[in-house]
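# Structure at a glance
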Amino acid sequence: MELEEKQPSYGEPRKYDPTFKGPLHNRGCTDIACCVLFIVAIMGYVAVGILDSRGQFCGHAGTPLENKPLLFYFNIMKCASPMVLLEFQCPTTQICVEKCPDKFMTLIKSHLISSEFEYYKKFCKEGVTNKMSVPEILKAGLCPAMLTPSKAFTRRCFPALGGKLGSITVGNSTRFDDGTGNIRDAKDLVDGVKNATVVIEARLVVMKIFQDYTRSWYWILIGLVIAMLTSLLFIILLRFLAGIMVWVMIVMVILVIGYGIVHCYLEYASLKGEPGSDITLQDLGFQTDFAVYLQIRQTWLAFMIILAIVEVIIILLLIFLRKRILIAIALIKEASRAIGHVMSSLFYPLFTFLLLAMVIAYWAVTAVFLSTSNEPVYKVFNETDCQYSRQTCDPANFSTSAMKADCQDSECLFAFYGGETAYHKYLIGLQFYNVFLFFWCANFVTALGQMTLAGAFSSYYWAFVKPDDMPAFPVFAALGRSLRYHTGTLAFGSLILSIIQIIRVLLEYIDHKLQGAHNKCTRFLLCCLKCCFWCLEKFIKFLNRNAYIMVAIYGKNFCTSARDAFFLLMRNMIRVAVLDKVTDFLLFLGKLLIVGLVGIFAFFFFSGRVKAFEDTSPHLNYYWVPILTVVVGSYLIAHGFFSVYAMCVDTLFLCFCEDLERNDGSAERPYFMSSTLHDILWENKEDLERNDGSAERPYLMPENLRKILNKKNKTPPAE
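My aim in this report is to walk through the structure given alongside it, one point at a time. What you see is a predicted model; the values in this text were computed from it and never measured.

### Some details on unusual backbone geometry
- One non-glycine residue with positive phi stands out, namely aspartate 31, at about 50 degrees.
- Aspartate 31 gets classed as buried once you look at its relative accessible area, which sits at 18%.

### A few points about the layout of surface pockets
- Looking at the second largest pocket, its volume works out to about 1,600 Å³.
- What lines the second largest pocket is a set of 44 residues, and nearest its centre among them are Thr446, Gln450, Arg545, His639 and Ser643.
- Mapped onto the lining of the second largest pocket, the elements with two or more residues apiece are α11 (348–371), α14 (427–461), α16 (487–513), α17 (520–554), α19 (573–606) and α20 (624–662).
- In terms of residue count, α20 provides more of the lining of the second largest pocket than any other element does, 11 residues in total.
- Among the residues making up the lining of the second largest pocket, the classes are represented as 25 nonpolar, 12 polar and 7 charged.

### As for helix α15 (residues 474–485)
- With 12 residues, α15 ought to run about 16 Å at 1.5 Å a step, and its terminal C-alpha atoms sit 16 Å apart, in line with that.
- Inspection of α15 places Pro474, Val475, Ala478, Leu479, Arg481, Ser482 and Tyr485 among the buried residues, and these make up the whole buried set. Buried positions in α15, seen along its axis, are confined to an arc of 170 degrees and lie on one side of it. In this structure, α15 carries Phe476 and Arg484 as exposed residues pointing more than 90 degrees from its buried face.

### Here we look at the packing of helix α7 (residues 242–270) against helix α9 (residues 297–320)
- Running from amino to carboxyl end, α7 crosses α9 at an angle of 160 degrees, the nearest separation of the two axes being 8 Å. As judged from the angle between their axes, α7 and α9 are roughly antiparallel. The handedness of the crossing between α7 and α9 comes out as left-handed. Mapping the contact onto sequence places Ile250, Val253, Ile254, Ile257, Gly258, Gly260, Ile261, His263, Cys264, Tyr265, Glu267 and Tyr268 in α7 and Arg297, Trp300, Leu301, Phe303, Met304, Leu307, Ala308, Val310, Glu311, Ile314, Ile315 and Leu318 in α9.

### Observations concerning the pattern of salt bridges
- The final tally for this structure, using the stated rule, is 6 salt bridges.
- Salt-bridge contacts for arginine 504 lead to glutamate 537; the nearest nitrogen and oxygen are separated by 2.5 Å. Taken together, the positions of arginine 504 in helix α16 and glutamate 537 in helix α17 put the pair 33 residues apart, joining distant regions of the chain.
- Salt-bridge contacts for aspartate 650 lead to arginine 545; the nearest nitrogen and oxygen are separated by 2.5 Å. Residue aspartate 650 is found in helix α20, and its partner arginine 545 is found in helix α17; the two are separated by 105 residues along the sequence. Arginine 545 matches aspartate 650 in its accessibility class, with the two residues each being buried.
- A cluster of three or more residues bridged by salt bridges with shared partners is formed by Arg504, Glu537 and Lys541.

Rules used in this analysis
- Residues numbered from 1 in each chain as written.
- Predicted model: local features only at pLDDT ≥ 70, side-chain atom pairs only at ≥ 80, totals over all residues.
- Heavy atoms only, no water.
- Buried < 20%, exposed > 50% of the residue type's maximum accessible area, 1.4 Å probe, protein only.
- 1 Å grid on protein atoms, 1.4 Å probe; cavity = no way out; pocket = protein on both sides within 12 Å on 5 of 7 lines; lining within 4 Å.
- Points joined across faces, edges and corners; volume = space filled by probe spheres on them.
- Helix = DSSP H or I, 4+ residues; strand = E, 2+ residues; numbered from the N terminus.
- Nonpolar A, V, L, I, M, F, W, Y, C, P; charged D, E, K, R; others polar.
- Expected span 1.5 Å × (residues − 1).
- Arc of directions from axis to C-beta.
- Axes fitted to C-alpha atoms, helices over the stretch in contact; angles between N-to-C directions.
- Parallel < 35°, antiparallel > 145°, perpendicular 65-115°, else oblique.
- Left-handed = near helix turned anticlockwise from the far one by under 90°.
- Contact = heavy atoms within 4.5 Å.
- Salt bridge = Lys/Arg side-chain N within 4 Å of Asp/Glu carboxyl O.

Shown next as structure tokens:
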């Protein structure tokens, strides 16, 4: 019985088609069902974003409290309760006032003098009249029992504490009347102030960060512009001097990281013998002022070790890949020629940035609106045991309620935004929907950019006479095809990726909740799941990227294109690892170089370590804020420009593999590739000369390439 001919493991190679001239123009809409689903989801997302907040804050414009920007505590000493640290709420009445009190006063004494009582009522609730007695006012909780000289700090009124002969004072006095006839020490106010500041410490840090942004925003913009110009200059130089620029880039990356190692060592050595510099990071703990860490030797030692490890890894990779780097450079040269004929592709990342900024802004605004949606919830706060503690209450009638009668020292205070309605029960679901749609829309925008660039660069590759056979506006033509025919395909691919990303978010949330758990089996299982889904996300991103290239060329649906791309890559597995990934590594070094150069410049400018910049650089609370912003922004800008190169390389690579399968370089079936890529092809000729295809001397190249080279060399293929 004759054996059936063995079929290729990864699909049939492409056949020669004399009518194929690049991206098909005669195509139809793909993945329509997913397109409809995406449109419906977007409409729901818009409906969710319409929700607004009705909570009022001190000084909030357009509310009755617009002219009362400061928060005043009736009895700041009640903030000394340990419960404040757990619930972030002081069990005392808090109202909005126009300005803080500037003198000592008690309700009993001020009630006797009409002019003083008028001043006192500025720090009372509404409804206080001169006819009401002091016991009635205190019983109803309408006024504080006393006023102390205070100063506004972070939009709150805190006692104006000072020092006098080693004693704590308030309003130049070491003692004060608490309004109930008791004379107390000023130091009793300290604990209350400390706990009250714990509530706003995080807000204070945020305010300082925003203050730094207001002082340095224009310098940050200048730094980002420098990063953009540097990236653009680098791309332009790659266009004309690809080989030289790649080697310059490699050497510069090694030098920049080497400088970082030397600088860290010099800082480490300079701190030797300095008081407090030998303390460990573990003993220091978390500090909001990150500049403190730079005064510790261990910090610079850690930086130096990390940079040294990165330096060694890069040098080892360059040593092992030194032969393949020359081939990758040739591929980058070809990508430079393609970008030279499609210059508008360099500006496409700006359009992607704009769309992503809109997606991020809409997500952030919707998240805030959902978090503060509808009505504020008030709960009972108290100092002593009370059966109604932490139950919901109504501040309008709390003073006459049974809760107040049973718990005389209790207060009805704001707790959070929410409610008990059906809407609030599903609020967490809406927040989840907001996060999921954020991932879906962001991935859709990224996918649109990938398919558009793939369509533009594939039209370059499959033009037999470049650039005469190319469309007039390849980027706009590819963008039009992507939106008109393949919105559903883009939505389908981004939906799959978004589902995996939201699962990773849920796993991180579960891991955060189980941090105190001691079940090692559960922790191990969770760690394995996180690792598996991380790998799955990377694989889906890789598959989607190549699927979008096939869609841009052939106009088929997502599943078919993903299968074709996967089989094509598997038929050229060695070349994928050798050429494509080495090229990605070189482009990553380019991004690393730009970030390193701009980051070093930002460090010396904002830290004031260069005398030439001392008078120019702004005075900041945390100089790491603009530095970190510039570094992250520079990476995003460099990634945006280099992503054009990366997408160009990936597109040319897939087209190159298809060209090898469709054509053989003869006069009847000529290659579409340039002479440079043709030289890359013939680099594998040495494989035919050294090996014979036997088990002892197998070929290293893909089977389809071996057949082509055997035909061109007139040697019979191995049995």
